[in-house]
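As a plain string of letters, each chain reads:
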Amino acid sequence: MHKTVIIGTGPGGLTAAIYLARAGLEPLVIEGPEPGGQLTTTTEVENFPGFPEGVMGPELMDNMRKQAERFGAKFRSGWVNQVDFSQRPFTLTVEGMGEVQAESVIISTGASAKYLGIPGEKENVGRGVSTCATCDGFFFRNKKIIVVGGGDSAMEEANYLTRFASEVVLVNRRSELRASKIMQNRARANDKISWSLDRTPLEVMAGERGVTGLKARNNETGLEEIIEADGVFIAIGHTPNTKFLGGQLTTDEQGYLLVKPGTTEMNIPGVFACGDVQDSRYRQAISAAGTGCMAALDCERFLDEAPLHAEAAAR
Ligand code: NDP
């Protein structure tokens, strides 16, 4: 039985772990398949306060983890298959660990980039297909890149990639863009960006040396065409990692956890959420870390005010 279990080890989960470990609550932290979260797939992080020269994403996460361990947080690898929040202690079923009981749970499982689900896409990740311009843009110096998507992410990625690329082609399945006006205008003002709108991506084309282009259907003419490029960046949004919760917690229509405004509390007392799993808007390392701190403080207060033995006696 653990006083608190933290699921996920991005900046949100690790900050919560630092705070709870320092408070003497010996949190158990369960790491999923991507320990450290999305920042471990980034290179340099230039906007995390306190690092005037920047810091490498993996190093930042490694340091946060060491900081939590120093105060007594315990880490275990495992995949949480199932949760039972119907009564305290809560029960988590974890692959490789069996059942884990917890008085409180903090969910910080983040969000994952969406893929198009077309042939040639997944098999060419790392060979020209990417979902992260800040991670991989550097490898496309003076090359032609396609960015797929029409939201703010796509505009931001396209603009960012023009730092490296000779040309960026923005491909969107509709002629209207979902992105905010300001982001659209910024991208439209960038003369390295050209537009291939109303095109449905059908297949990522690749040869022996990686990606060669994207096959797409021109929705106006119905004809298929191939847009040549050395890289295809997919920027069609993120999916919060909340499936394993089996619908026991309130979410918005996209699956993001809905915390009580101004707190990290979920609809079940004793369950808290922090980081990108409850934030589709800011999605920054520092904002995830901030909500991680909030979750730890909310959790600490909850454990003080609602000790399990009192709840058991009332049953
Ligand atoms: P959005 O959901 O806003 O946009 C997704 C885009 O991808 C849409 O153009 C959508 O097309 C397209 N798309 C989705 N699925 C497919 C598919 N299967 N095939 C082809 N195209 C597809 O996601 P974003 O990540 O862009 O933005 C998410 C949130 O984050 C927004 O609230 C945004 O404002 C915010 N954000 C803010 C930033 C900033 O302010 N700096 C930067 C990045 C994001 P369609 O329109 O046809 O559905």
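Model, not experiment: these values are computed from the prediction.

Here we look at the site of the ligand
- Gly150, Asp152, Ser153, Arg174 and Arg178 are the nearest of the 16 residues found near the ligand.
- Contact between the ligand and Arg174: an oxygen atom at 2.7 Å from a side-chain N or O atom of the residue.
- In the model, an oxygen atom of the ligand is placed 2.7 Å from a nitrogen or oxygen of the Arg178 side chain.
- Here the ligand loses 71% of its free accessible area of 920 Å² to cover by the protein chains.
- Among the elements that make up the shell around the ligand, the one with the highest residue count is helix 4 (residues 152-161) (3 residues).
- Its residues assigned to classes, the shell around the ligand comprises 3 nonpolar, 7 polar and 6 charged.

Points about the domain arrangement of the chain
- Each assigned domain of the chain is listed here: domain 1 (5-113 + 238-313) and domain 2 (122-234).
- Its C-alpha centre places domain 1 at a distance of 33 Å from the equivalent point of domain 2.

Here we look at the pattern of salt bridges
- In total, this model carries 10 salt bridges according to the counting rule given.
- Measuring nitrogen to oxygen at the nearest pair gives 3.2 Å for the salt bridge that ties Asp62 to Lys66. In this pair, Asp62 and Lys66 are both assigned in helix 2 (residues 57-70), 4 residues apart and thus about one turn of the helix distant.
- A relative accessible area of 47% means that Lys66 is categorised as partly exposed.
- In the salt-bridge network here, residues are joined through shared partners; they are Lys3, Arg88 and Glu103.

What about the environment of Asp198?
- Of note, Asp198 is situated in the loop between strand 13 (193-196) and strand 14 (199-207).
- On the basis of relative accessibility, which here comes to 22%, the residue Asp198 falls in the partly exposed class.
- The spacing of Asp198 and Glu176 is 22 residues in sequence and 8.1 Å in space, taken between C-alpha atoms.
- Leave out the neighbours within four places in its chain, and Asp198 touches Asn172, Arg173, Arg174, Ser175, Arg217, Asn218, Asn219 and Glu220.

Let's talk about the sheet that holds strand 14
- Here 3 strands make up an open sheet; going across it, the order is 14-15-16 and the pairing antiparallel. Two strands lie at the open edges of the sheet, namely strand 14 and strand 16 (224-228), each paired on one side alone. Taking each pair of neighbouring strands and ignoring which way they run, the sheet shows an average axis angle of 30°.
- Relative to strand 15 (residues 210-218), strand 14 runs antiparallel, the two being bridged by 8 bridges. Bridge assignment links Glu203 to a residue of strand 15, and that residue is Lys215.

Rules and cut-offs
Residues numbered from 1 in each chain as written. Predicted model: local features only at pLDDT ≥ 70, side-chain atom pairs only at ≥ 80, totals over all residues. Heavy atoms only, no water. Near = heavy atom within 4 Å. Polar contact = N/O pair within 3.5 Å; in protein donor to acceptor, adjacent residues only side chain to side chain. Areas by Shrake-Rupley, 256 points an atom, 1.4 Å probe, with all protein chains shown as cover. Helix = DSSP H or I, 4+ residues; strand = E, 2+ residues; numbered from the N terminus. Nonpolar A, V, L, I, M, F, W, Y, C, P; charged D, E, K, R; others polar. Domains from an automatic or database assignment. Salt bridge = Lys/Arg side-chain N within 4 Å of Asp/Glu carboxyl O. Buried < 20%, exposed > 50% of the residue type's maximum accessible area, 1.4 Å probe, protein only. Contact = heavy atoms within 4.5 Å. Pairing = 2+ DSSP bridges. Axes fitted to C-alpha atoms, helices over the stretch in contact; angles between N-to-C directions.

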